[in-house]
Amino acid sequence: MSDSTNSSWGGRFSEPTDAFVARYTASVTFDQRMYRQDIQGSIAHARMLCKVGVLTEQERDDILRGLEEVRIEIERGEFEWSVALEDVHMNIEAALTKKIGITGKKLHTGRSRNDQVATDIRLYLRDEIDVINAELTRLQQGLVELAEKEADTIMPGFTHLQTAQPVTFGHHLLAWNAMLTRDFDRLQDCRKRINQMPLGAAALAGTTYPIDRHYTAELLGFDAPTENSLDSVSDRDFAIEFTSAASLIMMHMSRFSEELVLWASAQFQFVDLPDRFCTGSSIMPQKKNPDVPELVRGKTGRVYGHMISLLTLMKSQPLAYNKDNQEDKEPLFDTVDTLRDSLRAFADMVPHLQAKKEFMYEAAKRGFSTATDLADYVVRKGIPFRDAHEIVGKAVAYGVQTGKDLSEMTLEELQQFSSEISADVFDVLTLEGSVAARDHIGGTAPNQVRAAAARAKALIDAR
Ligand code: ARG
């Protein structure tokens, strides 16, 4: 990276920028990642300027050719970024001018870096949301497929992390999928508000050139030009919205992660994670650590932090653009990277989760998970639910004392608690009977899980 005096705005200055200040105020070290969007925006701007007669066709073509060369240079790693040129915008414009001469200096007619950067970020985030939603979709496909496979697999369902009622593993997987469906929709909704074009707002008030903002918007695939020039250059709501949608996704991912960490432990043994997603210990030879879910859980905090950074960055800012806004990029970029990579790791890992069915089944048998089924049974025999609750409570206390699950008690033993209990009680005390009985939309019965998986699949396929 080279250092020299800035020629883009140096006209009114009588001394060069202090070398440290130049580094302190520059953003090129991090905003160069938007080079593609910056060039894309400039190409559309040049086309529009030509359409309205501000540039000749020759000038437009020189600019387009020059920008294309710059892009190739950057992609080949041959471009020399300069801190003295502050940011990605001025670096690219200076390189263009070096290539095509004076015409390069005409590209900035009728625009400012303020509307340019707002446009670049929107183009960038739009692209990244598409990548993120593709990873999210891949993860969902994996979850739904696994759910179908595990529709009959019985495990304990928990409340307060205490065994509550038996559920199917497929049902549990589809709960995760339900969260991700909302997450996908939230990002798509956020994308609508991103997809508005600030270009043309110029520095803050608009421009005196006869620009055609609808045309530029169309060229860039934006839904419409933004309404108000002051708002256009200063608005970063869309970035905050994105980081808040990202925070929700990471929160969901941290919940899956926590469960996988628990389930992979010797205490639960519900799942086996593929070796290639785990690491060992340098001192304890027996260890297989669930690093991927642990890291996802850990990275959730930094994404929340970025959301708070952006909210705080924008707090109390007067209209219109302020240099503060340059601070929007690093939190935003890190949110994009963290979210995309976390989703990718999970999308790669989830299809290879191994359910340890025997352990799940054994765990469901412990903890009186069919106690509610017994209460419902007694209610069906005409006893009010509160009394049924009391009856089953006593049966459970007896089970704790004698070390027997409800299904392991004899009919005589059960009848001590209610004379209404007869031999058909054992149909509901089995785990299979318990899950099969929850046979309504949203319930855990295996056939309901299969139907829910089919609906989830259809939703994903329709994207
Ligand atoms: N690097 C700046 C940013 O990221 C670009 C806009 C600068 N505009 C200005 N008037 N200094 O926000």
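Keep in mind the model is a prediction, meaning the values are calculated, not measured.

**Things to note about the site of the ligand**
Inference 1: The local shell around the ligand consists of Ser27, Asp31, Asp87, His89, Arg113, Asn114, Val117, Tyr321, Gln326 and Lys329.
Inference 2: For the ligand, a nitrogen atom lies 2.8 Å from a polar atom in the side chain of Gln326.
Inference 3: Tallying contributions element by element places helix 6 (residues 113–149) first for the shell around the ligand, with three residues.
Inference 4: When its residues are assigned to classes, the shell around the ligand shows two nonpolar, four polar and four charged.

**Quick word on helix 3 (residues 35–51)**
Inference 1: In this model, helix 3 (17 residues) spans 24 Å end to end at C-alpha, consistent with the 24 Å of a helix rising 1.5 Å per residue.
Inference 2: Counting buried positions along helix 3 gives 12 out of 17 residues, so the element sits mostly inside the fold.
Inference 3: Among the residues making up helix 3, those that are buried are Tyr35, Gln37, Asp38, Ile39, Gly41, Ser42, Ala44, His45, Ala46, Met48, Leu49 and Cys50.
Inference 4: As for helix 3, its buried residues are in contact with helix 2 (28–31), helix 4 (57–75), helix 5 (88–100), helix 6 and helix 8 (213–219).
Inference 5: Backbone geometry just downstream of helix 3 places Gly53 in the positive-phi region, at approximately 90°.

**Quick look at the UniProt feature "domain: Fumarate lyase N-terminal" (unreviewed entry) in the protein**
Inference 1: Sequence positions flagged by UniProt for "domain: Fumarate lyase N-terminal" (unreviewed entry) are, in local numbering, residues 11–305.
Inference 2: Summarising residues 11–305: 60% helix, 6% strand, and an end-to-end C-alpha distance of 40 Å.

**A word on helix 11 (residues 291–314)**
Inference 1: The terminal C-alpha atoms of helix 11, which comprises 24 residues, lie 35 Å apart, in line with the 34 Å expected from a rise of 1.5 Å per residue.
Inference 2: Turning to helix 11, the residues buried within the fold contact helix 9 (229–234), helix 10 (237–263) and helix 12 (329–349).
Inference 3: Remark: Ser316 follows helix 11 within two positions and exhibits a positive phi of approximately 70°.

**Here's the deal with the UniProt feature "domain: Argininosuccinate lyase C-terminal" (unreviewed entry) in the protein**
Inference 1: As annotated in UniProt, the feature "domain: Argininosuccinate lyase C-terminal" (unreviewed entry) corresponds to residues 368–436 in the numbering used here.
Inference 2: In the segment residues 368–436, helix accounts for 64% and strand for 0%; the C-alpha atoms at its two ends are 17 Å apart.

**With respect to unusual backbone geometry**
Inference 1: Cis geometry is found at the peptide bond from Leu319 to Ala320, where omega equals 0°.
Inference 2: The topology assignment puts Ala320 in the loop between helix 11 and helix 12.
Inference 3: Of note in the backbone geometry, Glu86 takes a positive phi value of approximately 65° without being a glycine.
Inference 4: Note on placement: Glu86 falls in the loop between helix 4 and helix 5.

Rules behind the numbers
- Numbering of residues starts from 1 in every chain and runs along the sequence as written.
- Only residues with pLDDT of at least 70 get local features here, since the model is predicted, and only at 80 or more are side-chain atom pairs given and counted; chain-wide, interface and lining totals rely on the full set of residues.
- Hydrogens and waters are ignored; side-chain quantities use all the structure's heavy atoms.
- For this purpose, a residue is taken to be near a molecule or strand whenever a single non-hydrogen atom of the residue falls within 4 Å of it.
- Pairing of N or O atoms within 3.5 Å defines a polar contact, subject to two protein rules: one partner must be a possible hydrogen donor and the other a possible acceptor, and residues neighboring in sequence count only if both atoms are side-chain atoms.
- A run of H or I in DSSP counts as a helix once it spans at least four residues, and a run of E counts as a strand once it spans at least two, with each numbered from the N terminus.
- Classification used: nonpolar for Ala, Val, Leu, Ile, Met, Phe, Trp, Tyr, Cys and Pro, charged for Asp, Glu, Lys and Arg, polar for all others including Gly.
- Any helix carries an expected span of 1.5 Å times its number of residues minus one.
- The classification of residues rests on relative accessible area computed with a 1.4 Å probe and restricted to protein chains. Under 20% of the type maximum is buried, over 50% is exposed, and intermediate values are partly exposed.
- Two residues form a contact once any of their heavy atoms are found within 4.5 Å.
- UniProt positions are given in the numbering used here, feature names are shortened, and annotations may be inferred rather than shown by experiment.

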